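Structure at a glance
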Amino acid sequence: MAAGGGKSLCYQLPAVLRDGVALVVSPLLSLIQDQVMGLAALGIPAFMLTSTTTKENEKFIYKALEKGGDELKILYVTPEKISKSKRFMSKLEKCHHAGRLSNFN
């Protein structure tokens, strides 16, 4: 399917409708940035956790993963963040065990 054809809707719609956080793994930083900006413009709490994420946003994301709620619905991460961040994996594991991980894409 061509760019702009609606492929992202396959994981975005379930993420919005379900409780918890949807995790989206993508190696394309520019795609992640575009998706987060587009979702934020629609009022959907989407964030990214990459090497470019500010410490302030990273702190917010980790707290949101820990406590749950609707402050974070879709979290985009790069494969590098998953493989190199023990802190992220620990927070993600706790989120999963608490039943707050809705999708993994």
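A few points on the structure. Since we're looking at a predicted model, the values are computed, not measured.

So, how was this worked out
- Residues numbered from 1 in each chain as written.
- Predicted model: local features only at pLDDT ≥ 70, side-chain atom pairs only at ≥ 80, totals over all residues.
- Heavy atoms only, no water.
- Helix = DSSP H or I, 4+ residues; strand = E, 2+ residues; numbered from the N terminus.
- Rg over C-alpha atoms; globule rule 2.2 N^0.38 Å.
- Contact = heavy atoms within 4.5 Å.
- Areas by Shrake-Rupley, 256 points an atom, 1.4 Å probe, with all protein chains shown as cover.
- Phe/Tyr/Trp six-rings, centres within 6.5 Å; stacked < 30°, edge-to-face > 60°.
- Pairing = 2+ DSSP bridges.
- Axes fitted to C-alpha atoms, helices over the stretch in contact; angles between N-to-C directions.
- Salt bridge = Lys/Arg side-chain N within 4 Å of Asp/Glu carboxyl O.
- Buried < 20%, exposed > 50% of the residue type's maximum accessible area, 1.4 Å probe, protein only.

1. Things to note about the overall build of the protein
Along the backbone of the protein there are 5 helices and 4 strands. Of the regular secondary structure in the protein, the N- to C-terminal order runs α-β-α-β-α-β-α-α-β. Whereas a compact globule of 105 residues would reach a radius of gyration of roughly 13 Å, the protein reaches 13 Å, a difference of no more than 12%. Across its three principal directions, the C-alpha atoms of the protein cover 35 × 30 × 20 Å. The contacts in the protein between residues at least 6 apart in sequence include a share of 72% that link residues at least 24 apart. Within the structure as shown, the protein displays about 6,300 Å² of accessible surface, and the carbon and sulfur contribution to it stands at 59%.

2. Comments concerning the packing of aromatic side chains
Under the counting rule described, the total for this entry stands at 1 aromatic pair. Between the aromatic rings of Phe47 and Phe60, the centroid separation amounts to 4.9 Å while the plane-to-plane angle is 50°, which identifies the pairing as tilted. With Phe47 in strand S2 (residues 46-49) and Phe60 in helix H3 (residues 55-67), this residue pair connects regions lying 13 residues apart in the sequence.

3. Remarks on the sheet that holds strand S4 (residues 101-104)
Read from one edge to the other, the open sheet built from 4 strands follows the order S2-S3-S1-S4, with strand pairing classed as parallel. The two strands at the open ends of the sheet, each matched to only one other strand, are S2 and S4. Neighbouring strand axes in the sheet, compared pairwise and without regard to direction, differ in orientation by 25° on average. Direction of pairing for strand S1 (residues 21-25) relative to strand S3 (residues 74-77): parallel, over a ladder of 4 bridges. Pairing of Val25 across the sheet is with Val77, part of S3. Along the sheet face, helix H5 (residues 86-97) touches S1, S2, S3 and S4 and points at about 120° away from the line of S4.

4. Some words on the pattern of salt bridges
According to the stated counting rule, one finds 3 salt bridges in the structure shown. Its salt-bridge partner being Lys81, residue Glu58 comes within 3.6 Å of it at the nearest N-O pair. On the criterion of sequence distance, the pair formed by Glu58 in helix H3 and Lys81 in helix H4 (residues 79-84) is long-range, its members being 23 residues apart. Exposure remark for Lys81: the relative accessible area of 16% places this residue in the buried category. When the shortest N-O distance is used, the salt bridge between Lys67 and Glu71 registers 3.3 Å. Judged by its relative accessible area of 56%, Lys67 is exposed.

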